[in-house]
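Coordinate analysis (summary)
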Amino acid sequence: MGMTEAILLTIATAATPLLLAAIGELVVERSGVLNLGVEGMMLMGAVVAFGTALTTGNAWLGIAAGAIAGAVFSLLFGFLALTLVTNQVATGLALTLLGIGLSGMIGEAFVGQPGVKLGAISIPVLSDIPLVGRLLFGQDPMFYISLALTGGVMWFLFRTRAGLTLRSVGDSHSSAHALGIKVIAIRYMAVMFGGACAGLAGAQLSLVYTTQWIENMTAGRGWIALALVVFASWRPWRVLAGAYLFGAITIAQLHIQATNLRDLADWPAPLFWIAEAVKSIPSQFLSSLPYLATIVVLVLISRNRRLTMMNTPASLGRPFVPDR
Amino acid sequence: MKRTLLALAASAAVLITAGAASAQEKTKACFIYVGPIGDFGWSYQHHQGALEMQEALGGEEKVELAYLESVPEGADAERALERFARSGCDIIFTTSFGYMDATNSVAGRFPDVKFEHATGFKREHPNVSTYNSKFHEGRYVQGVIAGHMSEAGVAGYIASFPIPEVVMGINAFVLGAQSVNPDFAVKVVWANTWFDPGKEADAAKVLIDQGVDIITQHTDSTAPMQVAAERGIKAFGQASDMIKFGPETQLTSIIDDWGHYYTERVKAVMDGTWEQVDVWEGMAEEHVVMAPYTNMPDDVKAQAEAIEAKIKSGEFDPFTGPINKQDGTQWLADGEVAEEGELLGLNFYVEGVDDTLPQ
């Protein structure tokens, strides 16, 4: 396995949970609901997936249980924010706090236990193709699920009537309501889809990325997923690009740190100088690069206000009460 | 707002008191942890020590145990401490560096309560003690093992933050490895976090892709061990015994064993003999314990045991000269042993570390 291939594989594993969580949240926000509970739902998915896989010995059951756990947990948000019309921001934050605590409590017995790994698939011949073989045909199933979900969401949102309905609910819930569309029901479904995706992202973390359960193991990835949705200006393919950009910068900075200049001594001078300059950057700065890059891109794409306004679901975060 | 919510949730949800406070003769020992006790690392080991202490001193009949998890360092810590002090704690252990000022400030207001602060150096009142462990002794032993076991002659080191304790560990590891193989190199990756399983796993993968065949870490999760196991190389555990995560991978692990110390100190409170101390103990006192030496040939194991015995007996100190600083200037003359005070503020690499220390 060559270095380039190894780097690409590592990037794919790092980007997958972000992509899964973000693509789910994108659908939620497209329906006009802001659910800040992604981190909590991911943790619930991670702990339930881990526990199920551990007790049944089957990683696939774990993945399914993780998705279901995320969806069920998101119903709590749905009930509060959609049925009781509570403040969405506060409810989402509460969901995250609850998810952190509850997952820690459920997972107490799982701490320090090696779990069941969802292994990579391997297609004979195809996965032996140099450079792209393992990348395209030899990865873990979650990688393919995340890509399939992204493609599916793209098709659903922009190529189906149901997708158009969902977007119309997000853009103007009153008009949609006037047309007889069941706004609340559609939003419930979107929220549950987002929960299931966050649950899958958590399951990927505890069954593929690292095969273990530790309290708070998402370490902020739910928040990054939320930022990615805005970063992508609510467009699925941009979420894909953003997740992989974030993953790539994260892995690249680790590689920069681990590379010794001595090993590059045979590089031509201009390249070596660049390497030397990059190596002289403090690691703290390198660690913050993925976040900085996100902010920079956010600034760049929001410069065109009209375009941003056009992409933002107009009813995002606004409460909806049918008879008012 | 979020911060307040978090603090409220933390203080309301996790205050757990074992057994009811009924009898006067019970001693109440209280602990403040920086992380969840389920981190399987730093806070987990402190809590194990607390439980061991309770067991050793006669169980719930004699010792009442109370603890707070995930207490943020800073102002919240002071509130938590003050509440503990008012609730009848006889002795309070604050188990993270960042509680230093809060511990001293509350200790001044509650002269009858004993305070024990881990890894700090401020003792502003007679009722404040500090305690720490010489983890670097274990790191030196690991270095010796790595020097023998690595075929590539390159180890990967996943580091957290450039604080003296971590720098000390890297230096000790390199010195140990180079005592066996003078050409031994270490690739250091700063994760800039204590705890992020995903990122730690990424760092381990990156290091392995770059050709290291041994991984050691100064971050808290078991993720690097698992990555090493998947890729079929060897690794060292951290803070707790991680053999379950790499039955054929773990060479040994540095285990933080706080149980002896907690037992000794709470017993002193019971007997009325508690006095201020500044403790920095290592392998000799079994504050730092090496997990069984596994997955290595018998001769390497013998070498590791020999160097461990030498450090324990005081015959050898990992920081014994001649040692040069990274830039080649002399740090310790031949036979000179580093002073504890200097080690506790260590902010430079020794010669042979192949990394630029973040400042």
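All values derive from a computational prediction rather than experimental measurement. (Residues numbered from 1 in each chain as written. Chains lettered and ligands numbered in written order. Predicted model: local features only at pLDDT ≥ 70, side-chain atom pairs only at ≥ 80, totals over all residues.)

1. Considerations on the overall build of chain A
Rules: Starting at the N terminus, helices and strands are each numbered in turn, a helix being any DSSP run of H or I of at least four residues and a strand any DSSP run of E of at least two. Within these notes, the globule rule equals 2.2 Å times the number of residues to the 0.38 power, and the radius of gyration is based on C-alpha atoms. Partly exposed residues are those falling between the two cut-offs: more than 12 but fewer than 20 other C-beta atoms within 10 Å of their own, whereas 20 or more means buried and 12 or fewer means exposed, with C-beta atoms placed from the backbone. Note that contacts rest on C-beta atoms placed from the backbone: two residues are in contact if these are within 7 Å.
Each helix and strand in chain A was counted, giving 14 helices and zero strands. Ordered by position from the N terminus, the helices and strands of chain A form the series α-α-α-α-α-α-α-α-α-α-α-α-α-α. Whereas a compact globule of 324 residues would reach a radius of gyration of roughly 20 Å, chain A reaches 21 Å, a difference of no more than 12%. Projected onto the principal axes, the alpha-carbon positions of chain A cover approximately 75 × 50 × 40 Å. Counting only residues that meet the buried cut, chain A has 48% of its 324 residues in that class. Intrachain contacts of chain A at a sequence separation of at least 6 include 80% that bridge at least 24 residues.

2. Digging into the interface of chain B and chain A
Going by this rule: For this classification, the nonpolar set comprises Ala, Val, Leu, Ile, Met, Phe, Trp, Tyr, Cys and Pro, the charged set comprises Asp, Glu, Lys and Arg, and every other residue, Gly included, is treated as polar.
On the chain A side, the residues contacting the 33 residues of chain B number 36 residues. Of the residues contributing to the side of chain B that touches chain A, the split by class is 17 nonpolar, seven polar and nine charged.

3. So, the packing of helix α5 (residues 135-149) of chain B against helix α10 (residues 298-313) of chain B
All names here are of chain B. Our working definition: Between N-to-C directions, angles span 0 to 180 degrees; the directions come from axes that are lines fitted to C-alpha atoms, helices contributing only their stretch in contact. Just so you know how the angles are binned, under 35 degrees is roughly parallel, over 145 roughly antiparallel, 65 to 115 roughly perpendicular, and the rest oblique. By the definition used in this description, the sense in which the near helix is turned from the far one sets the handedness, with an anticlockwise turn below a right angle giving left-handed and a clockwise turn giving right-handed.
Where α5 contacts α10, the two axes come as close as 10 Å, and the packing angle between them is 155°. Looking at the two axes, α5 sits roughly antiparallel to α10. Relative to α10, the crossing made by α5 is right-handed. In contact with E137, V141, V144, I145, H148 and M149 of α5, α10 contributes V300, Q303, A304, I307, E308 and I311. Here the contact of α5 with α10 is built from residues that sort into eight nonpolar, two polar and two charged.

4. Topic: the domain arrangement of chain B
Residues and elements named next belong to chain B. Filter applied, for reference: Domain start and end points were adopted from an automatic or database domain assignment.
Segmentation of chain B into domains returns domain 1 (2-133) and domain 2 (135-255 + 288-316). For domain 1 versus domain 2, the distance between C-alpha centres works out to 31 Å. In this complex, domain 1 contributes eight residues to the contact, which on the side of domain 2 involves nine residues. The element contributing the most residues to the side of domain 1 that touches domain 2 is helix α2 (residues 42-56), with three residues. Per-class residue counts for the side of domain 1 that touches domain 2 are three nonpolar, four polar and one charged.

5. Quick word on helix α9 (residues 183-209) of chain A
Under the convention used in this document: What a helix is expected to span follows from its residue count: subtract one and scale by 1.5 Å.
Given a rise of 1.5 Å per residue, 27 residues ought to cover 39 Å, and the 37 Å separating the end C-alpha atoms of α9 of chain A matches this to within 8%. With 23 of its 27 residues buried, α9 of chain A lies for the most part within the structure.

6. Observations regarding helix α3 (residues 59-83) of chain A
All names here are of chain A. This is how the line gets drawn: Bend is computed residue by residue as the angle between axes fitted to the seven residues ending at the residue and the seven residues starting at it.
For α3, built from 25 residues, the straight-helix expectation of 36 Å at 1.5 Å per residue is met to within 8% by its first-to-last C-alpha distance of 35 Å. Remark: the principal bend of α3, roughly 30°, maps to F77. Two residues or fewer after α3 comes V85, characterised by a positive phi angle close to 50°.

7. Section: the sheet that holds strand β10 (residues 234-239) of chain B
Residues and elements named next belong to chain B. Filter applied, for reference: Two strands qualify as a pair provided DSSP detects at least 2 bridges between them.
Reading across from one edge, β8-β7-β9-β10-β11-β13 is the order of the six strands in this open sheet, with mixed pairing throughout. In the strand order of this sheet, the two ends are held by β8 (185-190) and β13 (288-290), each with one partner. Strand after strand, the sheet turns through a mean of 15° between neighbouring axes, direction not considered. Relative to β10, strand β9 (residues 214-217) runs parallel, the two sharing two bridges. For I215, the partnering residue across the bridge sits in β10 and is A235. In the packing of helix α8 (residues 223-231) onto the sheet, contacts are made with β7 (154-159), β9, β10 and β11 (250-256), and the angle to β10 comes to roughly 165°.

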